[in-house]
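Read off the chains here:
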Amino acid sequence: MNPRTFLKECLMQFFIITTFVNVASAIVGPVLMPGRTFGFAAFWSPLFAGLLGTLPSVVLYSKKELTLRQTILRKVLHVLLLEFILLLVGWLNGNISSAGSFVLFALMVLAIYAAVNLFSFLLESREAKQINAGLRALQNRK
């Protein structure tokens, strides 16, 4: 994969992550921090979380095609790094204060990770179908 394609993919991931973080915050936020209200500065939080969620993607970059084993290893490393970074930042910010909130936050990160991967897969699958349909149309034109 060339660096430009990788950056484009990371940018797409950033916006998908940010959207899912927004939704997850609206659902889980009242459980972790009941009765808390926010000012306009809170709008930066999902963007910051999206950036933190995108940074560990560096471990997925490779100039050459990876084997299945290498891909799985990098994906596992990616999710572990993601969990570590986000749990650490959540704890340092005071968003995680108990074992229950720690587990809930970790599960939320895993759920968002799964949703982002599924959504990305669906987008890439749709793009692949369009490319294949275009190729079939070119082949049938001859």
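Thresholds applied
- Residues numbered from 1 in each chain as written.
- Predicted model: local features only at pLDDT ≥ 70, side-chain atom pairs only at ≥ 80, totals over all residues.
- Heavy atoms only, no water.
- Axes fitted to C-alpha atoms, helices over the stretch in contact; angles between N-to-C directions.
- Helix = DSSP H or I, 4+ residues; strand = E, 2+ residues; numbered from the N terminus.
- Parallel < 35°, antiparallel > 145°, perpendicular 65-115°, else oblique.
- Left-handed = near helix turned anticlockwise from the far one by under 90°.
- Contact = heavy atoms within 4.5 Å.
- Nonpolar A, V, L, I, M, F, W, Y, C, P; charged D, E, K, R; others polar.
- Phe/Tyr/Trp six-rings, centres within 6.5 Å; stacked < 30°, edge-to-face > 60°.
- Buried < 20%, exposed > 50% of the residue type's maximum accessible area, 1.4 Å probe, protein only.

Caption draft 1: Inspection of the packing of helix 3 (residues 68-92) against helix 4 (residues 99-141) at higher detail. Where helix 3 contacts helix 4, the axes come no closer than 10 Å and their chain directions differ by 135 degrees. By the criterion of interaxial angle, the relationship of helix 3 to helix 4 is oblique. For helix 3 against helix 4, the interelement crossing comes out right-handed. Where helix 3 approaches helix 4, its residues Lys-75, His-78, Val-79, Leu-82, Glu-83, Leu-86 and Leu-87 are matched on the opposing element by Phe-102, Phe-105, Ala-106, Val-109, Leu-110, Tyr-113 and Asn-117. Its residues placed into classes, the contact of helix 3 with helix 4 shows 10 nonpolar, 2 polar and 2 charged.

Caption draft 2: Main features of the packing of aromatic side chains. In total, this model carries 3 aromatic pairs according to the counting rule given. On the basis of an interplanar angle of 75 degrees and a centroid distance of 5.1 Å, the ring pair of Phe-14 and Phe-15 is categorised as edge-to-face. When the centroid spacing of 6.2 Å and the interplanar angle of 80 degrees are considered together, the rings of Phe-20 and Phe-119 count as edge-to-face. A residue pair is termed long-range when its members are at least 10 positions apart, and Phe-20 in helix 1 (residues 3-32) and Phe-119 in helix 4 qualify at 99 residues. By relative accessible area, Phe-20 is classed as partly exposed at 26%.

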